[in-house]
Amino acid sequence: GDSVTQMEGPVTLSEEAFLTINCTYTATGYPSLFWYVQYPGEGLQLLLKATKADDKGSNKGFEATYRKETTSFHLEKGSVQVSDSAVYFCALRHNQGGKLIFGQGTELSVKP
Amino acid sequence: ETGVTQTPRHLVMGMTNKKSLKCEQHLGHNAMYWYKQSAKKPLELMFVYSLEERVENNSVPSRFSPECPNSSHLFLHLHTLQPEDSALYLCASSSSQARGNTIYFGEGSWLTVV
């Protein structure tokens, strides 16, 4: 079946460091890919998405590129801030409905 | 501000109580979901409603009973819960027709069973 695998956390970085959170997936066909973020005590918010191969999703300085050849959707940010501390979830979903399949989440902690 | 609103945000209930979680979406979507998020466990899809019909029920115990009276509202009725049911319950909605359609989540209802 379809699945999403994320790098394990927690990830601890200093402010202004470069961030990469790895995400790889297993799926038939061409799913859409998503990154969600969950700030402490809150629900999930969509961070960015990509719907086809080579698409790049971006938002709030975060980017991820849909790589079909490596089945990956790694999340990157050039300079993290303390306010980016949260849990990040990679997910996939087949078009025209279907389940949203999540990775296990990666906790990011950014220190001043 | 989220287009998916959940109430209450926090609920403490005894194992013999009956309570309900409410979800309302203001996005014009036609599909709604309940997810459970427990500490140290992956997000679990509990129920899916599409056009007010339940289309998925992932082996959820009968002490959880969903209700979808219309496309904008979703309830999760709770009765005789166990302490291990303590978790964050997330409601979500989406439009089921568009390609790459996004699922939008509410802020969740924190449930503690004592």
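The structure this text deals with has already been given above.
The sections below set out a description of the structure shown in this document.

Scoring rules and cut-offs
Residues numbered from 1 in each chain as written. Chains lettered and ligands numbered in written order. Predicted model: local features only at pLDDT ≥ 70, side-chain atom pairs only at ≥ 80, totals over all residues. Heavy atoms only, no water. Helix = DSSP H or I, 4+ residues; strand = E, 2+ residues; numbered from the N terminus. Rg over C-alpha atoms; globule rule 2.2 N^0.38 Å. Buried < 20%, exposed > 50% of the residue type's maximum accessible area, 1.4 Å probe, protein only. Contact = heavy atoms within 4.5 Å. Pairing = 2+ DSSP bridges. Axes fitted to C-alpha atoms, helices over the stretch in contact; angles between N-to-C directions. Salt bridge = Lys/Arg side-chain N within 4 Å of Asp/Glu carboxyl O. Buried area = accessible area lost by both parts, 1.4 Å probe. Polar contact = N/O pair within 3.5 Å; in protein donor to acceptor, adjacent residues only side chain to side chain. Nonpolar A, V, L, I, M, F, W, Y, C, P; charged D, E, K, R; others polar.

**Regarding the overall build of chain A**
Link 1 in the chain: Of regular secondary structure, chain A possesses zero helices and twelve strands.
Link 2 in the chain: Across chain A, helices and strands are ordered from the amino to the carboxyl terminus as β-β-β-β-β-β-β-β-β-β-β-β.
Link 3 in the chain: Radius of gyration (C-alpha) of chain A: 13 Å, near the 13 Å computed for a compact globule of 112 residues.
Link 4 in the chain: Once the C-alpha set of chain A is aligned to its principal axes, its extents read approximately 40 × 25 × 20 Å.
Link 5 in the chain: The 112 residues of chain A split such that 46% are buried.
Link 6 in the chain: Taking all contacts inside chain A whose residues are at least 6 apart in sequence as the whole, residues at least 24 apart take part in 57%.

**Describing the sheet that holds strand β8 (residues 73-79) of chain B**
All names here are of chain B.
Link 1 in the chain: Reading across the sheet, the four strands line up as β1-β3-β8-β7 and stay open at both edges, with antiparallel pairing between neighbours. Of all the strands in the sheet, the pair left with one neighbour each is β1 (4-7) and β7 (64-70). Strand-to-strand twist in this sheet, taken as the mean axis angle between neighbours without regard to direction, amounts to 20°.
Link 2 in the chain: Relative to β8, strand β3 (residues 18-25) runs antiparallel, the two sharing seven bridges.

**Topic: the pairing of strand β10 (residues 86-93) of chain A**
Residue and element names in this part refer to chain A.
Link 1 in the chain: Along β10, seven of the eight residues are buried, which leaves the element largely enclosed by surrounding structure.
Link 2 in the chain: Sheet analysis places β10 next to strand β12 (residues 106-111), joined by three bridges and oriented antiparallel. The partner of Tyr88 across the bridge, within β12, is Thr106.
Link 3 in the chain: Two elements, β10 and strand β11 (residues 100-102), share three bridges in a ladder whose sense is antiparallel.

**Some details on the side chain of Ser38(B)**
Link 1 in the chain: Assignment of secondary structure puts Ser38(B) in the loop between β4 (31-37) and β5 (44-50).
Link 2 in the chain: Setting aside residues no more than four positions away along its own chain, Ser38(B) makes contact with Glu44(B) and Ala87(B).

**A word on the pattern of salt bridges**
Once their charged atoms are close, side chains differing in charge can pair, the charge on each being opposite to the other.
Link 1 in the chain: Scanning the model with the defined rule gives six salt bridges over all chains in all.
Link 2 in the chain: Note that Glu63(A) is salt-bridged to Lys56(A), the shortest N-O span being 3.6 Å.
Link 3 in the chain: Of the charged contacts, one joins Arg9(B) and Glu107(B) as a salt bridge, the two residues approaching to 2.9 Å between their closest N and O atoms. Within this pair, whereas Arg9(B) is found in the loop between β1 and β2 (10-13), its partner Glu107(B) is found in the loop between β10 (104-105) and β11 (109-113), the two being separated by 98 residues in sequence.
Link 4 in the chain: For Arg9(B), a relative accessible area of 28% puts it in the partly exposed group.
Link 5 in the chain: Since its relative accessible area comes to 32%, Glu107(B) is described here as partly exposed.

**Description of the interface of chain A and chain B**
Link 1 in the chain: Taken together, the 20 residues of chain A in the interface contact 23 residues of chain B.
Link 2 in the chain: In total, about 1700 Å² of surface goes out of reach between chain A and chain B, with carbon and sulfur atoms giving 51% of it.
Link 3 in the chain: For chain A, the biggest contributors to the area lost against chain B are Leu44(A), Arg93(A) and Lys99(A); these three give 27% of the whole.
Link 4 in the chain: At the surface where chain A touches chain B, the tally comes to zero salt bridges.
Link 5 in the chain: Counting every contact that joins chain A to chain B gives five residue pairs in polar contact (both at pLDDT 80 or more).
Link 6 in the chain: Residue assignment for the side of chain A that touches chain B shows that the elements contributing at least two residues are β5 (32-38), β6 (44-50), β10 and β11 of chain A.
Link 7 in the chain: Across the side of chain A that touches chain B, the residue classes tally to seven nonpolar, eight polar and five charged.

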